[in-house]
Amino acid sequence: MEVETREPFIYNKAFLEHREQVIQRDRLAPPRVLPVHKSLPSIGSHKPLLYSMEELADMTDNFNEKNLIGETLFTKLYRGTIRHGWLPFEDWVVTVKIWDYTLPTSCHLDGIESFNEEVMFLTQPSAKQHPNVVNLLGYCNRRYLEAVVYDLNPLGTVRNLATTGSLTWLQRIKVALGFARALEFLHDPKKPYLVRNINAAHIILDQDCNPKIFDFSTMSGGILGKLTRPKEKLLTAGYDDPEYFPLGGPEEGGFEVTYHDVFSYGVVLLGLITKRIVDMENIQTTTLVYRWAWRQYRPNRYLVHESLVEDPGFYASDGIMITELAMRCIQRELDKRPSMKDVVKRLEGLQAVQLHGNVVGM
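A brief report on the enclosed structure follows. (Residues numbered from 1 in each chain as written. Predicted model: local features only at pLDDT ≥ 70, side-chain atom pairs only at ≥ 80, totals over all residues. Heavy atoms only, no water.)

**Here we look at the side chain of glutamate 117**
Of note, glutamate 117 is situated in helix H3 (residues 111-122). By relative accessible area, glutamate 117 is classed as buried at 12%. With near-sequence residues (within four places) excluded, glutamate 117 lies in contact with Met219, Leu224 and Lys231. (Helix = DSSP H or I, 4+ residues; strand = E, 2+ residues; numbered from the N terminus. Buried < 20%, exposed > 50% of the residue type's maximum accessible area, 1.4 Å probe, protein only. Contact = heavy atoms within 4.5 Å.)

Structural data, given as structure tokens:
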């Protein structure tokens, strides 16, 4: 019987640069003692699995650029595949996220702390059960690589899809409603979380256009505790609330501090309906989406992109209502912004949602 052999992994240049950054970071730090465990994936397991670097390299074809889905301020996102032979069924598509210390913004974040907080949050029963929060399949916390694996077959990020013809009007409503529900869940008045890092690049869609929030790098509140000073300084240009004031965290400032997240949601919503996104690479020379909207908006008129007006399921009354909702989210007066509970209620009242509930996720 012929036995399949595998070539030894030769890590690509990007990964070697990443590793060198971590070596420099940890040069004076004591080594972490970690268990050596060869994991075999078990889809549906209640406990996250521990993966090796070799397994992640195998999933992503050695972190090949062709599998790169997108970047956040501190991480890279890859499409991965758990190969046939490890599982008793077909190949399984997953999403792999690595903390990348070669990114220029990574120096502002404690990657290990961010990684630990994400695993802690995603293993909470409430997070695991929410359909618009990524499902953690496993993780890797070796010395040269912090990574998580999501049980998610990705279509792409909202940032990469919003400006194209890939998403229909009804699919955009589905994304807006699903993401609003995720934030409503996080803003639970009893123990609210403040995300602060909301932008179109941090929302990923599955193959059915269900949105999933997957970046929690600057999140505070809930089981994560107070907003730290380093996190407070981490801002997402183009999505951050210009009406900034010092924050102690949702557990100190109360539910009202979550209205900063509402502003960022409003920018994402505008991007979905207008096909405009924040150009992070030319942020200094590009008109920000919310400033553009402030200039263009007129009462009882919509800002929906003309290519979407002809889509099935578009109604002029919905266009006006959703534009008004976005404008309420980004207005300067904090106390006049809606809560995410109000946003969900307004979106559920759209004519398109009432008539096409099976399409938009009702």
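**Some words on helix H10 (residues 289-296)**
Count 3.6 residues to each turn of an α-helix, and residues three or four apart come out pointing the same way. Three or more residues of H10 are buried, namely Val289, Tyr290, Trp292 and Ala293. All buried residues of H10 lie within an arc of 155° about the axis, which places them on one face of the element. Buried residues in H10 make contact with helix H9 (259-274) and helix H12 (316-329). (Arc of directions from axis to C-beta.)

**Topic: the sheet that holds strand E5 (residues 136-142)**
Taken in spatial order, the six strands of this open sheet run E1-E5-E6-E4-E3-E2, and their pairing is mixed. Pairing within the sheet leaves two strands with one partner each, and these edge strands are strand E1 (49-50) and strand E2 (68-71). Here four bridges tie strand E4 (residues 92-99) to strand E6 (residues 145-150), and the two strands are oriented antiparallel to one another. Among the inter-strand pairings, isoleucine 98 is bridged to a residue of E6, identified as alanine 147. Together, E4, E5 and E6 form the strand contacts of H3, whose direction differs from that of E6 by roughly 25°. (Pairing = 2+ DSSP bridges. Axes fitted to C-alpha atoms, helices over the stretch in contact; angles between N-to-C directions.)

**Observations regarding the pattern of salt bridges**
Oppositely charged side chains can form a pair if their charged atoms are brought close together. What the rule picks out here adds up to six salt bridges. Here glutamate 348 ties to arginine 181 by a salt bridge, and the two come within 3.1 Å at their closest N and O atoms. Of this pair, glutamate 348 sits in helix H13 (residues 340-348) while arginine 181 is found in helix H6 (residues 169-186), placing the two residues 167 residues apart along the sequence. Its relative accessible area of 26% is what places glutamate 348 among the partly exposed residues. Residue class for arginine 181 comes out partly exposed when judged on its relative accessible area of 22%. Linking arginine 337 and aspartate 241 is a salt bridge whose minimum nitrogen-to-oxygen distance equals 2.6 Å. (Salt bridge = Lys/Arg side-chain N within 4 Å of Asp/Glu carboxyl O.)

**As for unusual backbone geometry**
What you tend to see is this: most non-glycine residues have negative phi, and most peptide bonds are trans. Despite not being glycine, asparagine 62 shows a phi value in the positive range, around 60°. Counting through the fold element by element, asparagine 62 comes out in the loop between helix H2 (53-59) and E2. If you check the backbone angles, cysteine 209 has positive phi at about 65° while not being a glycine. Mapped onto the fold, cysteine 209 is located in the loop between strand E9 (203-206) and strand E10 (211-213). Under the relative-accessibility criterion, cysteine 209 is labelled buried at 4%.

**Quick notes on the side chain of serine 264**
Inspection of the secondary structure puts serine 264 in helix H9. Overall, serine 264 belongs to the buried group, its relative accessible area being 3%.

**Digging into the sheet that holds strand E7 (residues 154-157)**
Remark on secondary structure: sheet strands pair via backbone hydrogen bonds, oriented parallel or antiparallel. An order of E7-E9-E10 is seen for the three strands of this open sheet, with the pairing classed as antiparallel. Each end of this open sheet is capped by a strand with a single partner; those strands are E7 and E10. The sheet shows a mean angle of 35° between the axes of neighbouring strands, direction not considered. Pairing of E7 with E9, which is carried by three bridges, proceeds in the antiparallel orientation. Among the inter-strand pairings, threonine 157 is bridged to a residue of E9, identified as isoleucine 204. Strand contacts of H6: E9 and E10, with the helix running at about 30° to E10, the strand carrying the most contacts.

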